[in-house]
Amino acid sequence: MNHVRHRPGSALIEVIVAISIAALIIPPIFGLIQYAGRLSANAKMRTRAVTYAKAALEAVTAEKNLRWGDLTPVNVSTCTAYVYPIISGSVWNLNPLGVGWEGLDNGLEGRLCLIQIRRNATTGVISPSGSEPVDPNIIQAISQVRWDSGGVGKEVQLITHITNWHAAP
């Protein structure tokens, strides 16, 4: 049987080496844990923002099914007047915001823009701007939700076209 002899002080050297290795490994692990926490928090905020943005588009869809004539889109390709849907009783109403944002919860702000769509009368192709006539039966809805993430502004933007299928051809 072989016996290992320890020299005086070798245990101390082993402890110093072990502490040095731990000192090199532990800080990056804590950094990764902090980074994962930030990613998780950002993912939660983004999920909530997308949920609010989708809800705003759904509210406009519900509004168009009830009162298409009450939807008033702006006549430009970039939005200059915003609204945000709020529930009043059992009916959605579009609250005018001007150029501002509606405060939601936990630092989220949202707004919705409704833009008129122009369509070539001959080809039926949608054009973003120009001299084409406005199609009264389609609106582009842009839903935006923003928040601050550690001093960095984040934003979700969803775009859809809403059609008045009940309109006479």
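Please refer to the structure placed before this passage.
Thresholds, definitions, all that
- Residues numbered from 1 in each chain as written.
- Predicted model: local features only at pLDDT ≥ 70, side-chain atom pairs only at ≥ 80, totals over all residues.
- Heavy atoms only, no water.
- Helix = DSSP H or I, 4+ residues; strand = E, 2+ residues; numbered from the N terminus.
- Contact = heavy atoms within 4.5 Å.
- Areas by Shrake-Rupley, 256 points an atom, 1.4 Å probe, with all protein chains shown as cover.
- Buried < 20%, exposed > 50% of the residue type's maximum accessible area, 1.4 Å probe, protein only.
- Pairing = 2+ DSSP bridges.
- Patch = residues over 30% accessible without salt bridge, like charges linked within 9 Å, V, L, I, M, F, W, Y side chains within 5 Å.
- Salt bridge = Lys/Arg side-chain N within 4 Å of Asp/Glu carboxyl O.
- Polar contact = N/O pair within 3.5 Å; in protein donor to acceptor, adjacent residues only side chain to side chain.
- Expected span 1.5 Å × (residues − 1).
- Core = buried A, V, L, I, M, F, W, Y, C linked by side-chain atoms within 4.5 Å.

(A) Representation of the overall build of the protein in the model. A count of helices and strands for the protein gives 1 helix and 7 strands. Helices and strands appear in the protein in the N-to-C order α-β-β-β-β-β-β-β. Partitioning the intrachain contacts of the protein with sequence separation of at least 6 by distance along the chain shows that 55% fall at a separation of at least 24. By element, 60% of the accessible surface of the protein is carried by carbon and sulfur atoms, the whole surface being about 11,200 Å².

(B) Summary view of the pairing of strand β4 (residues 109-119). Most of β4 sits inside the fold, with 8 of its 11 residues counted as buried. In the sheet, β4 pairs with strand β6 (residues 134-149) via 10 bridges, with the strands oriented antiparallel. Considered in β6, the bridge of Ile115 is made with Gln140. With 2 bridges joining them, β4 and strand β5 (residues 126-127) adopt antiparallel strand pairing. Among the inter-strand pairings, Arg118 is bridged to a residue of β5, identified as Ser127. Where β4 folds back onto β5 in an antiparallel hairpin, the turn is made up of 6 residues, including Gly124, whose phi is positive at roughly 80 degrees.

(C) Summary view of unusual backbone geometry. Positioned with a positive phi, Asn106 is a non-glycine residue whose angle comes to about 50 degrees. Examined against the element boundaries, Asn106 turns out to sit in the loop between β3 (102-103) and β4. Overall, Asn106 belongs to the exposed group, its relative accessible area being 61%.

(D) Here's a closer look at a nonpolar patch on the surface. A surface patch of nonpolar side chains, about 880 Å² in accessible area, is lined by Ile13, Val17, Ile21, Leu24, Ile25, Ile26, Ile29, Phe30 and Ile33. For Leu24, the position within the fold is in helix α1 (residues 10-67). On the basis of relative accessibility, which here comes to 66%, the residue Leu24 falls in the exposed class.

(E) Seen up close, the environment of Gln144. Residue position: Gln144 is located in strand β6. Measuring from C-alpha to C-alpha, the distance between Gln144 and Val156 comes to 5.7 Å, with 12 residues separating the pair along the chain. Apart from residues lying up to four places away in sequence, Gln144 is in contact with Tyr82, Trp101, Glu109, Gly110, Arg111, Glu155, Val156 and Gln157. One polar contact links Gln144 to Arg111, side chain to side chain, over a distance of 2.8 Å.

(F) Inspection of α1 at higher detail. The terminal C-alpha atoms of α1, which comprises 58 residues, lie 85 Å apart, in line with the 86 Å expected from a rise of 1.5 Å per residue. When we look at burial in α1, the residues that qualify are Met45, Ala49, Ala53, Ala56, Leu57, Ala59, Val60, Glu63 and Lys64. Along its buried surface, α1 packs onto β1 (82-88), β2 (91-98), β4, β6 and β7 (152-163).

(G) How the structure looks around the nonpolar core. Counting residues in hydrophobic clusters, the biggest one holds 19 residues, and the most contacted among them are Val60, Leu71, Leu112, Cys113 and Leu114. Of all the secondary-structure elements, those providing two or more residues to this core are α1, β1, β4 and β6. The biggest single contributor to this core is β4, with 4 residues. Excluding its chain neighbours within four sequence positions, the residues that come into contact with Cys113 are Val74, Cys79, Ala81, Tyr82, Gln140, Ala141 and Ile142. Among the nonpolar cores identified, the runner-up in size contains 7 residues, and Ala53, Leu108, Val145 and Trp147 belong to it.

(H) Spotlight on the pattern of salt bridges. In the structure shown here, the tally under the stated rule is 3 salt bridges. The residue Asp105 makes a salt bridge to Arg48 at a minimum N-O spacing of 2.7 Å. Of this pair, Asp105 sits in the loop between β3 and β4 while Arg48 sits in helix α1; the two residues are 57 residues apart in sequence, bridging distant segments of the chain. Accessibility expressed as a relative area gives 29% for Asp105, which makes it partly exposed. Relative accessible area serves as the criterion here: at 23%, Arg48 is assigned to the partly exposed category. For Arg119, the salt bridge goes to Asp135, with nearest N and O atoms at 2.7 Å. A residue pair is termed long-range when its members are at least 10 positions apart, and Arg119 in strand β4 and Asp135 in strand β6 qualify at 16 residues. Since its relative accessible area comes to 25%, Arg119 is described here as partly exposed.

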